[in-house]
Amino acid sequence: MQSKISAFFKPSSVSPKPSDPPPIFNDDDEELSVWEKKQHQSFSTYKRRAPNPQRGGSDYSSDNQLAKKPISDDNSPKPESTLLGKTVTKNKKRSYAQLHLDLGQSDFLLHTCSVCGVMYVTGDEEDEKAHKGFHNDYTRGIQFKGWSNERVVHAPKVGGGRILLVLDCDPPAQRNKVENVVRMMETEFAMGGFCPSCLRCICLFCLPGLLAVWEVIRKAPAAREASNEHLNGATLYEKEAVPAVCGIRAIWVTPANRRKHIATQLLDALRKSFCMGFVLERSQLAFSQLTSAGKALVSNYIGSGHFLVYNTNNMNS
Amino acid sequence: MFELRLNQGAVLLRKAVAPLVDLANYADVEITPEEVIVLTSGNPTISEVLALLRIPDSTFIHLRCDDPRSFVLNLGGLYFNLNRAGDDDELTIHGDDGDDLIGFVTVNSRTQEFGFSELSLAEAYPDLMDLPELDYEYQAIVGIPSQEFRHLIMHLHYFGQTVSVSVTDTEIKFSAVNEEVIYRTELGECIIGGVQLEHPVFLIFSLHYMSVILNACLLSNMVWLLQSDDLPPMLNCPVGAIGNLMFYFN
């Protein structure tokens, strides 16, 4: 007897059904049923594996998230259908997440900002937000609302800023703020081993509302200096060591506020506040490794091409 | 009318005043909007030492001074009143123009309890000290770690009461009678500024009030000796968060 036509169209399923008896034109139903029972029917069942949430890669940390979203969208509901006791899940919804093509770009994963030098992932929201915050701090200066107890060293009449002095014995809140600025400096100078606790004092220049620059001073125990000569971009060292009174570990101004004599004012304030009753001569300052901008500042400040330089690695304390 | 307030700095003020208590009984206090000065001197017949505690206005969270005022206080009384404040307490010192006493108010940082005390002003005595020239820029400066300076003082004290110091551009020589101690800059033992090899600098200071100097040195990391040709030498002990303790030796 001929089977009904609906018997040909079974609901579609992923798992194959090899042992389905083919619809044969069999007049004898009984024989068919007997034949059916005689067949060794073994059903292989396949169950779809749950999508692996770690599929995106092992380093799924917040710093380095891949821009690609996994193809299988975990959150879309999967309609289930049951067929002959097997449970099958299928992904009916297509994920429309924006994918990025990796064609071998050099900065596909990490993009370096040309202004602040931070590497971040362009597609990732959190990374971009973090970079934006740092970028603003770097270019315009860290937000600084002022402290209740500021040690104002010098307040220039023009420009409305003030220079503060922060010592070791100051409250931790002030020192933490200073550490934030130090960290920002470190990216530009690439200098390591910067522990604020071992510095003697730090000067900050603050414009109303914004922390524009800062400078680090270390009372160098003199000695081990070499005199320098600046000649067409190269720094020549003279052999003889000359004692200096105060060493400057670093001086830095946010890029947006450069060329405004801020660094000069910082150095002036330093010279006056080094020790009450004594104003340092310009020639008594020694600087650690200088950038080209630093060299320009120092030559201008000292007035000649000769200035003192010291090696920070040689300091024993 | 003046009012000055320190929060959590009361203990530092007390520590800075402590060395002066051994020096004399009375101190001149001058209050201006820019700073507070406590001036005292040792017995002039024995040894002319002038001690100056300079506290800039940035130390106080609040310094209000309508007119510059100066008055004389008993140092022991001042120290006693400062001692009433606990280490973390907020301290306010105030006084009115007409009154002959000043008030101390302490606020306990934990319990917010108030404490009041008063100190009478002393009579101004005839041999008032002259304030040395403040903000004077000395020509030469010598810096020594304070621990080292203390050892030096205690050592030289056995040999004599007067210490002569001879400074060249690379070394400092301290001598008392026939004992000499030398510090060199290249070994990182000291800092010298403003001295040329051709013009060595000499200064003399007295160890008569040694205990005062020793106590003052405890408050600093580094002590500085300053010298100029026409002026008496000065020993500056910076007291970190408070200000500077300066001793002028005549």
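Everything numeric here is computed off the predicted structure, so don't read it as measured data. (Residues numbered from 1 in each chain as written. Chains lettered and ligands numbered in written order. Predicted model: local features only at pLDDT ≥ 70, side-chain atom pairs only at ≥ 80, totals over all residues. Heavy atoms only, no water.)

1. Remarks on the UniProt feature "domain: N-acetyltransferase ESCO zinc-finger" (unreviewed entry) in chain A
Reasoning step 1: Residues given the UniProt feature "domain: N-acetyltransferase ESCO zinc-finger" (unreviewed entry) here are residues 98-136 of chain A.
Reasoning step 2: Along residues 98-136 of chain A the backbone is 31% helical and 10% strand, and the end-to-end C-alpha distance reaches 28 Å. (UniProt positions renumbered as here; feature names shortened; annotations may be inferred. Helix = DSSP H or I, 4+ residues; strand = E, 2+ residues; numbered from the N terminus.)

2. Some words on the confidence of the model for chain B
Reasoning step 1: When pLDDT is averaged across chain B, the result is 86; 98% of the residues are at 70 or more.
Reasoning step 2: Reported for the predicted complex are a pTM of 0.70 and an ipTM of 0.81. (pLDDT = per-residue confidence, 0-100.)

3. Some points on the interface of chain A and chain B
Reasoning step 1: If you look at the interface, chain A gives 21 residues, while chain B gives 29 residues.
Reasoning step 2: Summed over both partners, the interface of chain A with chain B buries about 1,900 Å², with 62% contributed by carbon and sulfur atoms.
Reasoning step 3: Counting the contacts that link chain A with chain B gives 0 salt bridges.
Reasoning step 4: Split by residue class, the side of chain A that touches chain B holds 14 nonpolar, 3 polar and 4 charged. (Contact = heavy atoms within 4.5 Å. Buried area = accessible area lost by both parts, 1.4 Å probe. Salt bridge = Lys/Arg side-chain N within 4 Å of Asp/Glu carboxyl O. Nonpolar A, V, L, I, M, F, W, Y, C, P; charged D, E, K, R; others polar.)

4. Quick look at the sheet that holds strand E5 (residues 62-65) of chain B
Residue and element names in this part refer to chain B.
Reasoning step 1: Spatially, 5 strands are ordered E5-E1-E7-E8-E9 in an open sheet, and the strand pairing comes out antiparallel. The two strands at the open ends of the sheet, each matched to only one other strand, are E5 and strand E9 (114-120). Geometrically, the sheet is characterised by an average inter-axis angle of 15° between neighbouring strands, direction not taken into account.
Reasoning step 2: For strand E7 (residues 90-95) and strand E8 (residues 101-107), the ladder comprises 6 bridges, and the chain directions are antiparallel. Across the sheet, Ile93 pairs through a bridge with Phe104, a residue of E8.
Reasoning step 3: With respect to the sheet, helix H2 (residues 75-83) is in contact with E7, E8 and E9, its orientation differing from that of E9 by roughly 180°. (Pairing = 2+ DSSP bridges. Axes fitted to C-alpha atoms, helices over the stretch in contact; angles between N-to-C directions.)

5. With respect to helix H4 (residues 262-273) of chain A
Reasoning step 1: The terminal C-alpha atoms of H4(A) lie 16 Å apart, and with 12 residues this matches the ideal 16 Å at 1.5 Å per residue to within 8%.
Reasoning step 2: If you check which residues of H4(A) are buried, you get Ile262(A), Ala263(A), Leu266(A), Leu267(A), Ala269(A), Leu270(A) and Arg271(A). (Expected span 1.5 Å × (residues − 1). Buried < 20%, exposed > 50% of the residue type's maximum accessible area, 1.4 Å probe, protein only.)

6. Section: the UniProt feature "domain: Proliferating cell nuclear antigen PCNA C-terminal" (unreviewed entry) in chain B
Reasoning step 1: In the numbering used here, UniProt assigns the feature "domain: Proliferating cell nuclear antigen PCNA C-terminal" (unreviewed entry) to residues 135-248 of chain B.
Reasoning step 2: Secondary structure content for residues 135-248 of chain B is 18% helix and 48% strand, and the end C-alpha separation is 14 Å.

7. Let's talk about the pairing of strand E2 (residues 26-31) of chain B
All names here are of chain B.
Reasoning step 1: Both E2 and strand E6 (residues 69-74) contribute to a ladder of 6 bridges, which runs antiparallel. For Val29, the partnering residue across the bridge sits in E6 and is Phe71.
Reasoning step 2: Joining the antiparallel neighbours E2 and strand E3 (residues 35-41) is a turn of 3 residues.

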